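# Working through the structure, step by step
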Amino acid sequence: RGVAEPQLQACAEATSSACEAVRRSLSARRSDDSEGDFEEALARERKQAHERLRSSCAELLSHLNDLRRELLEQRSAVDASAQQARDWQHEAAARHADLESQIAELGGALASRVQARLQELRQELSQAAPGQRFVQMEAALSELCARPPQRSFDSVLDAARDEARTV
């Protein structure tokens, strides 16, 4: 559009200047030339103006077709980008769901381990003498609470996966 408008303006200006030139030459020739020369000059100028107009229209049509092709290419690129974004979104949602299920499995595995350990401690405490129960309970609690994690994140993750598969 930016190219076509200036060309149309130039075409209109060229046509008006050609018409003005014809008028000037006609007014100058009227006094000198006969009526036949006048008609011939007018026909010649009309033909030239018509050819210029035809050439300008063809050029504008060519530019318009180029713009249409470019628009179609851009639309297809936008459609491809939108499809790729939808694919990425679906993939991210699937990964998110997978991570949530893994976290739920890990939580269940951890809860079952804690439950099993508490059950073991209850059995030990129920079998111990009343005086030793307090000492054993205190030792078990300090063991559970004070034991810092010694493993790296990867080894914890591997252990959790194994535990999740077992559960």
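The structure we're discussing is the one just above.
Residues numbered from 1 in each chain as written. Predicted model: local features only at pLDDT ≥ 70, side-chain atom pairs only at ≥ 80, totals over all residues. Heavy atoms only, no water.

### Here we look at the overall build of the chain
A count of helical and extended segments in the chain gives four helices and zero strands. Counting over 167 residues, the chain shows a buried share of 11%. (Helix = DSSP H or I, 4+ residues; strand = E, 2+ residues; numbered from the N terminus. Buried < 20%, exposed > 50% of the residue type's maximum accessible area, 1.4 Å probe, protein only.)

### Structural notes on the pattern of salt bridges
All told, the structure shown has five salt bridges when counted by the stated rule. Here Arg 69 makes a salt bridge to Asp 66, at a shortest N to O gap of 2.6 Å. Placement of both Arg 69 and Asp 66 in helix α2 (residues 35–127) is noted, with a separation of three residues, approximately one turn of the helix. Given a relative accessible area of 37%, Asp 66 falls into the partly exposed group. A salt bridge links Arg 95 to Glu 91; the nearest nitrogen and oxygen atoms lie 2.9 Å apart. Of this pair, Arg 95 and Glu 91 both sit in helix α2, four residues apart, which is roughly one turn of that helix. (Salt bridge = Lys/Arg side-chain N within 4 Å of Asp/Glu carboxyl O.)

### Some remarks on a nonpolar patch on the surface
A contiguous nonpolar surface patch, about 250 Å² in accessible area, is contributed by Leu 110, Val 114 and Leu 118. Among the secondary structure elements, Leu 110 is positioned in helix α2. (Patch = residues over 30% accessible without salt bridge, like charges linked within 9 Å, V, L, I, M, F, W, Y side chains within 5 Å. Areas by Shrake-Rupley, 256 points an atom, 1.4 Å probe, with all protein chains shown as cover.)

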